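# Coordinate inspection notes
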Amino acid sequence: MNNIYDCYRLNNGVMNPCLGFGTYRASDGDDCEVVKTAIEAGYRYFDTASFYGNERQIGRALAESGIAREEYFLTSKAWRTEMGYSNIRKAFMESLERLQTDYMDLYLIHWPLPEDGFTQWRRLDIESWQALEELYHEGKARAVGVSNFLPYHIENLLENCDVKPAVNQIEFHPGYTQEVTVRYCQEQDILVQAWSPMGRSKVLKEPVILEMAERYGVTAAQICLRYALQRGVVPLPKSSSMERMKQNQDIFGFALNEEDMYILGTMPQTGWSGQHPEKFGR
């Protein structure tokens, strides 16, 4: 990968950019200036969700950019309360309307359980996934996948459905790399994407990461993003300033050596959000 426009080929042949822009809390009210700034900074891959409450702002920013829809890669997700066959189809169409588009590049189920301790998740996930399969076959979603699914959640889909998930979007950063899930997905040819790829402020203040940043002449955030890239994981960083947006893209001019990759991959748990697929999260 040499720049943010280079892509991974998903298991259905769709090309997925190797770095995107996360939009959780990226807008305030009707303001879409952060997204407009990201477009100006060069981002073309935008990740959102119905839960984020900013699809309408993103849709307006993309429409007003003057850039063809085909130049963008757009992902959204169905929230916990939108699971189930009929609910997901309805949620998908509402997301399309808010985003001012007639198709999604990638559509995901946000979490495998609708609430903490839900015991009927296997049946609900299958019903939800069948809706995504239909949207995919109808050409409304170019690719479909999941978010925050653990291997046994994905196995349930593989055993009962026809279309393999193309993507699994999970929390992934130094200090919380979810090795079992990453290994499983990569063995299954399911692309891993990283939400919170830089962890929280504690990760960026870790002495080992600060030492690496100084040694490589980059920022702590760039160390985290480069780590994801070298692991074959798509990072989805978010930022509100043009300077940081540009810095987050500038991860292709250096490479972490093997020892540093091992160090980052074996850090003590740091910066975890506290959210788990079997516990009620955001």
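As a starting point, this report considers the structure included with it. Everything numeric here is computed off the predicted structure, so don't read it as measured data.

The rules behind the values
Residues numbered from 1 in each chain as written. Predicted model: local features only at pLDDT ≥ 70, side-chain atom pairs only at ≥ 80, totals over all residues. Heavy atoms only, no water. Salt bridge = Lys/Arg side-chain N within 4 Å of Asp/Glu carboxyl O. Helix = DSSP H or I, 4+ residues; strand = E, 2+ residues; numbered from the N terminus. Buried < 20%, exposed > 50% of the residue type's maximum accessible area, 1.4 Å probe, protein only. Axes fitted to C-alpha atoms, helices over the stretch in contact; angles between N-to-C directions. Parallel < 35°, antiparallel > 145°, perpendicular 65-115°, else oblique. Contact = heavy atoms within 4.5 Å. Nonpolar A, V, L, I, M, F, W, Y, C, P; charged D, E, K, R; others polar. Pairing = 2+ DSSP bridges.

On to the pattern of salt bridges. Close approach of charged atoms allows side chains of opposite charge to pair. With the rule as written, the count across this model stands at 15 salt bridges. Where K77 meets D47, a salt bridge forms, and the shortest distance between an N and an O atom there is 2.8 Å. With K77 in strand 5 (residues 73–78) and D47 in strand 4 (residues 45–47), this pair connects stretches of sequence that are 30 residues apart. Accessibility classification places K77 together with D47 in one group, the buried group. Here R89 and E138 are joined by a salt bridge, their closest N and O atoms 3.1 Å apart. Here R89 is found in helix 3 (residues 85–99), whereas its partner E138 is found in the loop between helix 4 (121–137) and strand 7 (144–147), with 49 residues between them in sequence. Relative accessible area serves as the criterion here: at 39%, E138 is assigned to the partly exposed category. Counted as one network, the salt bridges with shared partners bring together R89, E134, E138 and K140.

Two numbers describe how helix 2 (residues 55–64) lies on helix 3: the axes approach to 7 Å, and their chain directions differ by 45 degrees. Judged on the interaxial angle alone, helix 3 and helix 2 are oblique. Across from E55, R56, I58 and G59 in helix 2, the residues of helix 3 making contact are S95, E97, R98 and L99. When grouped by side-chain class, the residues that make up the contact of helix 2 with helix 3 number two nonpolar, two polar and four charged.

Here helix 5 (residues 151–160) has its buried residues at P151, H153, I154, N156 and L157. Elements that come into contact with the buried residues of helix 5 comprise helix 4, strand 7, strand 8 (167–171) and helix 6 (179–187).

Another aspect to go through is the sheet that holds strand 3 (residues 21–22). Read from one edge to the other, the open sheet built from eight strands follows the order 3-4-5-6-7-8-9-10, with strand pairing classed as parallel. Pairing within the sheet leaves two strands with one partner each, and these edge strands are strand 3 and strand 10 (234–235). Where strand 9 (residues 191–195) meets strand 10, two bridges bridge the pair, whose relative direction is parallel. Residue pairing in the sheet places Q193 in a bridge with V234 of strand 10.

By themselves these figures say nothing about function.
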